[in-house]
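Examination of the molecular architecture
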Amino acid sequence: MENGAAPTAKPVIVAIDGPSGTGKSSTSKAVAAQLGLSYLDTGAQYRAITWWMVTNGIDLEDPTAIAAVAGKPEIVSGTDPAAPTITVDGVDVAGPIRTQEVTSKVSAVSAVPEVRTRITELQRSLAAGAEQGIVVEGRDIGTTVLPDADLKIFLTASPEARAARRSGELKGADLHTTREALIKRDAADSSRKTSPLAKADDAVEVDTTELTLAQVIECVVTLVEEKRAGK
Ligand SMILES: Nc1ncnc2c1ncn2[C@@H]1O[C@H](COP(=O)(O)OP(=O)(O)O)[C@@H](O)[C@H]1O
Ligand SMILES: Nc1ccn([C@@H]2O[C@H](COP(=O)(O)OP(=O)(O)O)[C@@H](O)[C@H]2O)c(=O)n1
């Protein structure tokens, strides 16, 4: 090696997709932290643009109205897995993007092609700038945003397991209502025309229903290490 410098590993790009409550965020954050990679929660970006539209009184029943202002808010994502951040026009929206109102409206906003084009550009630019590599989680990362990712994972879990995990987070939330809302959002995300929630042909599917979070993390870390070792 010239100058005796240690060989630097090529940045690794990992795409993790799947429906709500399958463990994408928790797994992606932990894998990125363990392997020294950046981390991007793309759902947070769609939630952030939805929050801006709600706050600015945009008619979310009208895709043309959404498209007309899709370029207006400035969305900035911090990609440190130990402390991910999200701001809209300089305002920290990490809390407000998790309200029931935003959750119930995000699918309508994320289905609009102009919104997807805008957010996809941001995602590609963050992935390209990640020096060590990045774990990007969402719905269309392996299929559309980063089709050349080094590793693609598609997480699944039964609707019952996913609803139980979500209502555990939303303290006191009714299990049946949570399950119905989750199934409705998955259906909307899977059936939209532009870049729907889908498993890429070359993604590794991991059913997390019977696995602990620690087991899922270990499984993904092993898959990344195998890729890096060229297996
Ligand atoms: N394999 C698992 N077993 C049990 N709970 C899990 C598992 N994976 C994730 N969780 C929990 O389920 C909830 C939803 O996980 P999250 O990572 O936010 O999913 P997603 O990003 O796919 O919506 C979190 O409270 C998380 O701690
Ligand atoms: N790559 C992505 C990520 C999220 N989304 C949209 O953003 C919403 C919120 O995503 P999220 O990852 O925060 O959802 P949860 O898994 O936290 O429930 C999804 O329901 C989709 O409508 C998307 O369209 N494409």
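In case you missed it, the structure is sitting above this.
Heads up: these notes are all about the structure in this document. Keep in mind that this is a model prediction, so the values were computed, not measured.

1. A look at helix H8 (residues 175–191)
The end-to-end C-alpha separation of H8 is 24 Å, in line with the 24 Å expected for 17 residues at 1.5 Å each. Within the sequence span of H8, burial applies to Thr178, Leu182, Arg185, Asp186 and Asp189. Down the axis, H8 shows its buried residues gathered within 105° of arc, on one side only. Of the residues in H8, the exposed ones pointing more than 90 degrees away from the buried face are His176, Lys184 and Ser191. Residues of H8 that are buried in the fold lie against helix H2 (42–55), helix H4 (100–110) and helix H7 (159–169). Where H8 begins, one side-chain oxygen reaches toward the backbone nitrogen of His176, 3.4 Å away; that side chain belongs to Asp174.

2. Observations regarding helix H5 (residues 113–129)
With 17 residues, H5 extends 24 Å from end C-alpha to end C-alpha; this agrees with the ideal 24 Å at 1.5 Å per step. Burial in H5 covers these residues: Val115, Arg116, Arg118, Ile119, Thr120, Gln123 and Ala127.

3. Let's talk about the site of ligand 2
Around ligand 2, the structure places 19 residues, and the nearest of them are Ser20, Arg47, Arg116, Arg185 and Asp189. Arg47 places a side-chain nitrogen or oxygen 2.7 Å from an oxygen atom of ligand 2. At 3.0 Å, a backbone N or O of Arg139 approaches a nitrogen atom of ligand 2. For ligand 2, whose accessible area on its own is 530 Å², the fraction buried by protein is 97%.

4. So, the sheet that holds strand S1 (residues 12–17)
Taken together, the five strands give an open sheet; going across it, the order is S2-S6-S1-S7-S8, and neighbouring strands pair in parallel fashion. Each edge of the open sheet carries a strand with a single partner, namely strand S2 (38–41) and strand S8 (204–207). Direction aside, neighbouring strands of the sheet carry axes that sit 20° apart on average. Bridge analysis of strand S7 (residues 151–156) against S8 gives four bridges, and the strand direction is parallel. When the bridges of S8 are listed, Ile153 appears paired with Val204. With respect to the sheet, helix H1 (residues 24–35) is in contact with S1, S2, strand S6 (133–138) and S7, its orientation differing from that of S6 by roughly 175°. Contacts between helix H9 (residues 213–228) and the sheet are confined to S1, S7 and S8, with S7 contributing the most and set at about 165° to the helix.

5. Considering the packing of H7 against H8
As a packed pair, H7 and H8 sit with axes 9 Å apart at the nearest point and diverge in direction by 115°. The chirality of how H7 crosses H8 is right-handed. Where H7 abuts H8, its residues Pro159, Glu160, Arg162, Ala163, Ala164, Arg166 and Ser167 lie against Leu175, Thr178, Arg179, Leu182, Ile183 and Asp186. Across the contact of H7 with H8, the residue classes tally to six nonpolar, two polar and five charged.

Cut-off values and rules
- Residues numbered from 1 in each chain as written.
- Chains lettered and ligands numbered in written order.
- Predicted model: local features only at pLDDT ≥ 70, side-chain atom pairs only at ≥ 80, totals over all residues.
- Heavy atoms only, no water.
- Helix = DSSP H or I, 4+ residues; strand = E, 2+ residues; numbered from the N terminus.
- Expected span 1.5 Å × (residues − 1).
- Buried < 20%, exposed > 50% of the residue type's maximum accessible area, 1.4 Å probe, protein only.
- Arc of directions from axis to C-beta.
- Contact = heavy atoms within 4.5 Å.
- Polar contact = N/O pair within 3.5 Å; in protein donor to acceptor, adjacent residues only side chain to side chain.
- Near = heavy atom within 4 Å.
- Areas by Shrake-Rupley, 256 points an atom, 1.4 Å probe, with all protein chains shown as cover.
- Pairing = 2+ DSSP bridges.
- Axes fitted to C-alpha atoms, helices over the stretch in contact; angles between N-to-C directions.
- Left-handed = near helix turned anticlockwise from the far one by under 90°.
- Nonpolar A, V, L, I, M, F, W, Y, C, P; charged D, E, K, R; others polar.

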